[in-house]
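Inside the fold
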Amino acid sequence: MGLRGMTQKATSHAQPRRLIIVPAYNEAGTIAQVVRELKRIEPDADVLVVDDGSTDATAQRVPAEAAVVRL
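Residues numbered from 1 in each chain as written. Predicted model: local features only at pLDDT ≥ 70, side-chain atom pairs only at ≥ 80, totals over all residues. Heavy atoms only, no water.

1. With respect to the environment of Ala59
- On the secondary structure map, Ala59 appears in the loop between β2 (46–51) and β3 (67–70).
- Under the relative-accessibility criterion, Ala59 is labelled buried at 11%.
- Residues Ala59 and Ile31, 28 residues apart in the sequence, show an inter-C-alpha distance of 8.7 Å. (Helix = DSSP H or I, 4+ residues; strand = E, 2+ residues; numbered from the N terminus. Buried < 20%, exposed > 50% of the residue type's maximum accessible area, 1.4 Å probe, protein only.)

2. Some details on the sheet that holds β3
- If you trace the three strands from one edge of the open sheet to the other, you get β1-β2-β3, paired in parallel fashion. Only two strands of the sheet have a single partner each, and these edge strands are β1 (19–24) and β3. When the angles between neighbouring strand axes are averaged without regard to direction, this sheet yields 20 degrees.
- Where β1 lies against β2, six bridges are found, and the strand directions are parallel. Its bridge partner being in β2, Pro23 is matched across the sheet by Val50. (Pairing = 2+ DSSP bridges. Axes fitted to C-alpha atoms, helices over the stretch in contact; angles between N-to-C directions.)

Bear in mind that shape data such as this cannot, by itself, settle questions of function.
What follows is the structure, encoded as structure tokens:
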């Protein structure tokens, strides 16, 4: 069995993962609430906040339930 067979076998029973991407620009006042609400609605989804060059504390206010990338 080559890689192809192993990949099919490994993923055939796996549940698909979901990723919610949240673009954010100067959302320090609301980002934590947005992330927590998303996790409440979709608890199994991963959340990624993309801080698009904010000049406020948006990236620092992203809760631990989400990942953040700063551009």
